[in-house]
Amino acid sequence: MSLSLNGPGLWYATRAAGLITLVLLTLSLVLGILNASRFTSYRWPRFLVQGMHRNLSLLALVFLALHVGTTVIDTYTSIGLQDAVVPFLSPYKRWWLGLGAIASDLMIALIFSSLIRQRLGHRLWRAIHWAGYLCWPVAIAHGLGIGTDHATTWVQALTFSCIGAVVVAASYRVVQLIPARRLVR
Amino acid sequence: MTVVATRIRPDYLARHAERLPRLLAGLTVGQPVGLNAHERAFGQLPLAAGEGRSRSVRAKASRLIDVVERSGLTGRGGAGFPTGRKLRSVAAGPGPAVVVANGAEGEPASRKDHLLLSRMPHLVMDGIALAAFAVGATEAYLAVHDEDDRLLASLEAAAQSRIVAGIDQVPIQIVGTDSRYVASEQTAIVQYINGGPGLPTFTPRRTHERGVANRPTAVNNVETLAHLALIARYGDNWFREVGQPSSPGTTLVTVSGAIARPGVFEIELGTTIGEVMMLAGGPVERPQAVLTGGYFGTWLPAEVAWPVPMSHAGLRSVGGAMGAGILFVLPESSCGLAETARVIRYLAGETAGQCGPCVFGLPALADALADLAYHGCRGDAADRIGGLIPLIEGRGACRHPDGATQLAASALSAFGRDAQWHDERGPCYGVRFPPMLPVPGDAEYW
Amino acid sequence: MSQHLRVNPIMCTGHGMCAELLPEFITLDPWGYPIVPDEPVPDELKGLARRAAAACPTLALLIDRRRD
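Parameters at a glance
- Residues numbered from 1 in each chain as written.
- Chains lettered and ligands numbered in written order.
- Predicted model: local features only at pLDDT ≥ 70, side-chain atom pairs only at ≥ 80, totals over all residues.
- Helix = DSSP H or I, 4+ residues; strand = E, 2+ residues; numbered from the N terminus.
- Rg over C-alpha atoms; globule rule 2.2 N^0.38 Å.
- Contact = placed C-beta atoms within 7 Å.
- Buried ≥ 20, exposed ≤ 12 C-beta atoms within 10 Å, placed from the backbone.
- Nonpolar A, V, L, I, M, F, W, Y, C, P; charged D, E, K, R; others polar.
- Axes fitted to C-alpha atoms, helices over the stretch in contact; angles between N-to-C directions.
- Parallel < 35°, antiparallel > 145°, perpendicular 65-115°, else oblique.
- Pairing = 2+ DSSP bridges.
- Core = buried A, V, L, I, M, F, W, Y, C linked by C-beta atoms within 7 Å.

Draft legend 1. Region of the structure containing the overall build of chain A. Check the secondary structure of chain A and you find eight helices and zero strands. Reading the secondary structure of chain A in the N-to-C direction produces α-α-α-α-α-α-α-α. On C-alpha atoms alone, chain A measures out to a radius of gyration of 18 Å, which is about the 16 Å that the 2.2 N^0.38 rule sets for 185 residues. Each of the three principal axes of chain A carries a C-alpha extent, and together these read 60 × 40 × 30 Å. Counting contacts in chain A only where the partners sit at least 6 residues apart, residues at least 24 apart contribute 61% of the total.

Draft legend 2. Expanded view of unusual backbone geometry. At the junction of Leu 20 of chain B and Pro 21 of chain B, the peptide bond is cis and its omega measures out at 0° in the coordinates. Along the chain, Pro 21 of chain B falls in the loop between α2 (12–19) and α3 (35–42). Phi at Leu 59 of chain C takes a positive value of approximately 55°, unusual for a residue other than glycine. Note on placement: Leu 59 of chain C falls in the loop between α2 (46–55) and β4 (61–66). Given 20 C-beta atoms within 10 Å, Leu 59 of chain C falls into the buried group.

Draft legend 3. How the structure looks around the interface of chain B and chain C. In this assembly, ten residues from chain B lie in contact with eight residues from chain C. Take the side of chain B that touches chain C: its biggest share by element is three residues, from helix α16 (residues 356–374) of chain B. Partitioning the side of chain B that touches chain C into residue classes produces six nonpolar, three polar and one charged.

Draft legend 4. Summary view of the packing of helix α4 (residues 55–71) of chain B against helix α10 (residues 222–234) of chain B. All names here are of chain B. The geometry of α4 relative to α10 is characterised by a closest axis approach of 10 Å and an angle of 110° between their N-to-C directions. Taken together, α4 and α10 sit at an angle that is classed as roughly perpendicular. Two secondary-structure elements touch here, α4 through Leu 64, Val 67, Val 68 and Ser 71 and α10 through Leu 228, Ile 231 and Ala 232. Of the residues contributing to the contact of α4 with α10, the split by class is six nonpolar, one polar and no charged.

Draft legend 5. Layout of the sheet that holds strand β8 (residues 298–301) of chain B. Residues and elements named next belong to chain B. Read from one edge of the open sheet, five strands run β6-β5-β9-β7-β8, paired in mixed fashion. Each edge of the open sheet carries a strand with a single partner, namely β6 (263–268) and β8. Strand after strand, the sheet turns through a mean of 30° between neighbouring axes, direction not considered. Judged from the five bridges that link them, strand β7 (residues 287–292) and strand β9 (residues 326–331) form a sheet pairing that is antiparallel. Across the sheet, the residue bridging to Leu 291 is Phe 328, located in β9. Packed on one face of the sheet, helix α18 (residues 400–414) meets β7 and β8 and runs near 15° to β8.

Draft legend 6. Layout of the nonpolar core. Counting residues in each nonpolar core, the largest one holds 164 residues, and the members touching the most others are Val 99, Val 100, Ile 128, Ile 344 and Leu 369 of chain B. Apart from the residues within four sequence positions on either side, Ile 128 of chain B is in contact with Val 99, Ala 101, Ala 140, Leu 142, Ile 172 and Leu 225 of chain B. Of all hydrophobic cores here, the second largest spans 32 residues; its members include Val 49, Ala 60, Val 68 and Ala 103 of chain A.

Draft legend 7. Spotlight on the sheet that holds strand β3 (residues 172–177) of chain B. All names here are of chain B. Strands sit in the order β3-β2-β1-β4 across an open sheet of four strands; the sheet is parallel. Looking at which strands have only one partner, the edges of the open sheet turn out to be β3 and β4 (217–221). Ignoring which end each strand starts from, the neighbouring axes of this sheet average 25° apart. The sheet contact formed by strand β2 (residues 137–145) and β3 spans six bridges and is parallel.

Encoded structure:
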C-alpha cells in the first residue's frame, strides 16, 4: 500500500489517525472526569491521573495533526487546511466535516488554555475547560457521520466502547455530586 | 471581698463623674439625638464647605490628620491601629478615596456601636464627614446589620436630614450587611459594598490601597469616628487630658455577666477592670474569671484581671485582649469550660465556609470542648483540644479561626484545674446552671 | 532570594496534589488540607515546588520570592 498522493494509502492513514485521536480523546476525557472526582487508588495517585490526562491530551493533539495533515495532503478530496479549522466551508460532506473542524478548534483551545493556565488564573481556565464536554461528543458525531468505516462492526464497537466509557465515568461523577456537603464558594 | 479591693483608686468614682462623659455627653433617653439637639450639645461640625481639592483644602485636610495623629486616637473596633496613620495612608493613595464606617457589630457581647448608632447617629456621621474630608473621599458608606429595620430607617433619616441641612458634602450611604459574625470583618464589608458576598477575602493588598471599587478605602469603627468628631472640635490636647500618655482618651466598654448593672459605659483608657466593675454596680457573686475582648478574646482569672488597666498594652501584658472593649464576668458557680464550649460551637457555625481548616477544624474543636465540658471521664479531651489548636490557627483567610483558637487556648489556661477535673471525673455542677454568654440562635446549637 | 510557598486557603479545596508531589515539605492535616511551613524551600526541592504549584487543581499553591 503506497502512500502516494493518489492512492488509498493516505486515506487509510487518515481514518486510522482519526480513530486513534478519538480513542485518546475519550481516555483523556475519562481521566479528566476522574481527576475532578478526586479519584485515587494505590496504583493511581492523584498526580498520575492528572499527568496522564495531560499527556494523553497532548498525544491526541499529535494524532489530530496527523489526521488533518494526511487529509489535506490527499488530493482525492479537495479539503484544504482552512477546512480543518473553519467549519462548513468545504462542500465535501459539509456538515460532518464541519463538526470535525469544530472539535479540532475546541481541542486546540482546550490545550492551549491549559498550557497557559497559570497565567489565565483558575476561574477563567475552568470556564474554558468546560468546553471539553462539548468537544468530545462533536468528535464522536464527526466520526460516525463522515467515517467511511462507520458501517463496519469493529469501528462501531470501538465507538460505542468510547461512549460507554464516558457514560460510566460521567455517571460516577454525577452520583458523587448528589449528597453535596461541599464548601461554599 | 479582697479581690475588689486591689488597685481601685479611692477617689475613682468622683474623678470619673467629674471628667466624663465625653462621647456620651449628649445622650438622651428613649430616642435618638436629633440634628439640632446634637449641635446644641457639641457645636456645629467644624468643616467649612470646601470647594473641590484645591491646595488650601488639601492643606486643611492634612492639618486635620496631623491633629488626629497627635491625639493618639487608635481604632476602637478591636485592632487598635493608630487612626491618624490610617487616614494618612489612605489620603496618600492614588485617586479619590472612600470612607466606610463599620457599625456592623458582629460580637454578640458588644453593644456599644449599637448604642452610638441608635442614640447619637450625628456624632458618628460627623466623624464620617470629617474622615471623608481628611482623605479626600467622594463616597461614604455606613455599614450596619440589615436585621434591625428600625435602626436602618432612623439612620437613613438622619443622613437625609444632614443633606437637607447642607452639612454633608459627601452623602452617607447606609448599607445593610448580613448579620453573620464574619460579615462585620473589614474585607467582608468592602467586598459586600463592591457587590460581592459579605465574606472575608484573601487579598495581600490592604483596603487602604485598594478597597471599594479598587480605591483607597478607610474603614473605621463607628466609635473611632465619633471620637474623631470630638477631636476635630476640641483638639488633640483636650483628647489627651484623660486616659494615659500611651493610651489617651476615653473608650466605650460593654460589661455583662454576673454584675449588678450590665451595660455600656464610657471610661478613660487605663481604668482598671476592677474599677469598671464598680461602675457597673460590682459583682453580684464572687467572680471566677473575666472574658476580655469578646469571643475572639481571652479568659483571665478574676484575681489576675481585677488590677489590669483597660488598654491594649495593659491587657496584652497579662495575656489578655482589649478587643472592642468587651468584659464579661463569670461567677464562681458557673463553668467556664461549658460557656466556652457553647461559644466555640457558635463560632463553628459562623464560619464563612471558605477555608477547609476552619470549616472542619472549628466543629472538631467544638466537639472536643463539649466532650470536656459535658462528657468528661474520657481522659483525653484536653489533649485533643491542644492538638487541634495548631492545626487551625493561622490557616484561614481571615482571623475567625484564630479568634476561636485563642479563646479555647485561654480557657484551657484559665480553667486548667477545672479541665483536669472534668477529664477525670466528668462535668462539674456549674454546667447545670443556665448559660450566661449570649449566643444568638442558641437552640440550634444544642 | 529564597523561595517560599503559601496556600490561598479560599481557593484550596483539599485535593492534596501538592502533598503527593512534595511530601518532604508539605503534609496534609486530618481533613486533607495542606500544612505548608513558612521556611524557605530547600534548593533541591525548588523544581518540585514549582511543579507542585503548577499541578494544583485550583492554583491555590503560590510561590513567593523573598529577600532574606
